[in-house]
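Okay, here's what each chain looks like letter by letter:
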Amino acid sequence: MRIIMLGPPGAGKGTQARKLSEEFNIHQISTGDIFRKAVQESTPMGIRAKEYMDKGQLVPDEIVVGIVEERLKQPDLAKGFILDGFPRTISQAESLEQILHNSGTKLNAVINIQVPRDELIERFTGRRVCNSCGASYHVKYNPPRITGKCDICGKQLVIRPDDELETVKKRLEEYEQKTTPLIEFYRSRHLLINIDGEKSIDEVFQEIVDRLRGGKK
Ligand code: ADP
Ligand code: ADP
Ligand code: ZN
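About the criteria used
- Residues numbered from 1 in each chain as written.
- Chains lettered and ligands numbered in written order.
- Predicted model: local features only at pLDDT ≥ 70, side-chain atom pairs only at ≥ 80, totals over all residues.
- Heavy atoms only, no water.
- Donors = N, O, S within 2.8 Å, 3.2 Å for Na, K, Ca; no water.
- Tetrahedral: all angles 85-135°; square planar, octahedral: opposite > 155°, others 65-115°.
- Buried < 20%, exposed > 50% of the residue type's maximum accessible area, 1.4 Å probe, protein only.
- Helix = DSSP H or I, 4+ residues; strand = E, 2+ residues; numbered from the N terminus.
- Polar contact = N/O pair within 3.5 Å; in protein donor to acceptor, adjacent residues only side chain to side chain.
- Contact = heavy atoms within 4.5 Å.
- Pairing = 2+ DSSP bridges.
- Axes fitted to C-alpha atoms, helices over the stretch in contact; angles between N-to-C directions.
- Arc of directions from axis to C-beta.
- Near = heavy atom within 4 Å.
- Areas by Shrake-Rupley, 256 points an atom, 1.4 Å probe, with all protein chains shown as cover.
- Nonpolar A, V, L, I, M, F, W, Y, C, P; charged D, E, K, R; others polar.

(A) Representation of the coordination of the zinc ion (ligand 3) in the model. On the protein side, the zinc ion (ligand 3) has Cys130 (SG), Cys133 (SG), Cys150 (SG) and Cys153 (SG) as donor atoms, found 2.3 Å from it. For the zinc ion (ligand 3), the four donor atoms are set out with angles of 95 to 123° between them, so the coordination reads as tetrahedral. Sequence spacing among the residues donating to the zinc ion (ligand 3) works out to C-x2-C-x16-C-x2-C. Residue class for Cys130 comes out buried when judged on its relative accessible area of 2%.

(B) Focus on the side chain of Gln16. Residue position: Gln16 is located in helix α1 (residues 13-24). Of the polar contacts made by the side chain of Gln16, one reaches the backbone oxygen of Ile201; its length is 3.1 Å. Those residues in contact with Gln16 that lie beyond four places of it in its chain are Met5, Ile113, Ile201, Val204, Phe205 and Ile208.

(C) Inspection of the pairing of strand β4 (residues 109-114) at higher detail. Most of β4 sits out of view: five of its six residues are buried. For strand β1 (residues 2-6) and β4, the ladder comprises four bridges, and the chain directions are parallel. The partner of Leu6 across the bridge, within β4, is Asn112. In this structure, β4 lies alongside strand β8 (residues 192-196), joined through five bridges in parallel fashion. In the sheet register, Gln114 faces β8, and the bridge partner there is Asp196.

(D) A look at the sheet that holds β1. Pairing is parallel in the open sheet, where five strands are placed in the order β2-β3-β1-β4-β8. Only two strands of the sheet have a single partner each, and these edge strands are β2 (27-30) and β8. Adjacent strand axes in the sheet meet at a mean angle of 20°, parallel and antiparallel pairs treated alike. Its contacts with the sheet place α1 against β1, β2, β3 (81-84) and β4, and it is angled at close to 170° to β3.

(E) Fine view of helix α2 (residues 31-40). Residues of α2 that are buried: Thr31, Gly32, Phe35 and Ala38. Buried residues of α2, viewed axially, fall in a sector of 130°; they line one side. On its buried face, α2 sits against β2, α3 (44-54), α4 (61-72) and β3. Following α2 by one or two positions, Ser42 has its phi on the positive side, about 50°.

(F) The site of ligand 2, seen in detail. Taken together, 19 residues lie near ligand 2, and Gly10, Thr15, Arg127, Tyr137 and Lys199 sit nearest. Here an oxygen atom of ligand 2 and a backbone polar atom of Ala11 are 3.2 Å apart. Between an oxygen atom of ligand 2 and a main-chain N or O atom of His138, the distance comes to 3.4 Å. Computed on the free molecule, ligand 2 has an accessible area of 560 Å², of which 94% lies beneath the protein chains in the complex. For the shell around ligand 2, the residue count by class is six nonpolar, nine polar and four charged.

As structure tokens, then:
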């Protein structure tokens, strides 16, 4: 199964991608997590990406596409993958099409998680993340078992620097301008599955699984 998670920042892509990766036993590839790790390790790519991330802007296509292309070549993805946060521009989507075409594979579905803006702001405000394993929590909607500690690895949870309100507004703008055209792109390829992302995490998950298993688009 080869799936893309689409939707505005804060919609729950990462949360659902993790659950789906367990359910279908396939890897999750999060470009945001890859960049955050590179920033922490101060690699040359991380230093370049940070400039854009701090401002809430998308990292340029040529940086992102190279990373994803390398990752998709790894043998552990032969069974499939969940792309979380990629593609985010038409140019990235076209590159992905080419990469998959060259390896003789195709996408199965694009999950478009829909959440209204006010609710997104609420989600950013309460988001807490683990820098070590990438897990994301919410102080109200998805709290960790022990306050401030990651359930999976026990590390201290932190607020993402780009979840500050001014940066969030810029990220939402970038999404509107550059990423929403992908909805039409994938609709026209009959891959789009629209999901109501306003329900609880478990309800959203169940709906995605049903739609994927039922094969409904
Ligand atoms: P969110 O899940 O809140 O949308 P991500 O963790 O996916 O955020 O991404 C964080 C930041 O990393 C983005 O604001 C952007 O700067 C960069 N980024 C991640 N994926 C991409 C991508 N596919 N193209 C360009 N920039 C990206
Ligand atoms: P994205 O990867 O799309 O940026 P996340 O998965 O990180 O989004 O979720 C954003 C925030 O909202 C996190 O704090 C997460 O715990 C919370 N969240 C995710 N899905 C839901 C949901 N269905 N209802 C309430 N909160 C949610
Ligand atoms: Zn963790």
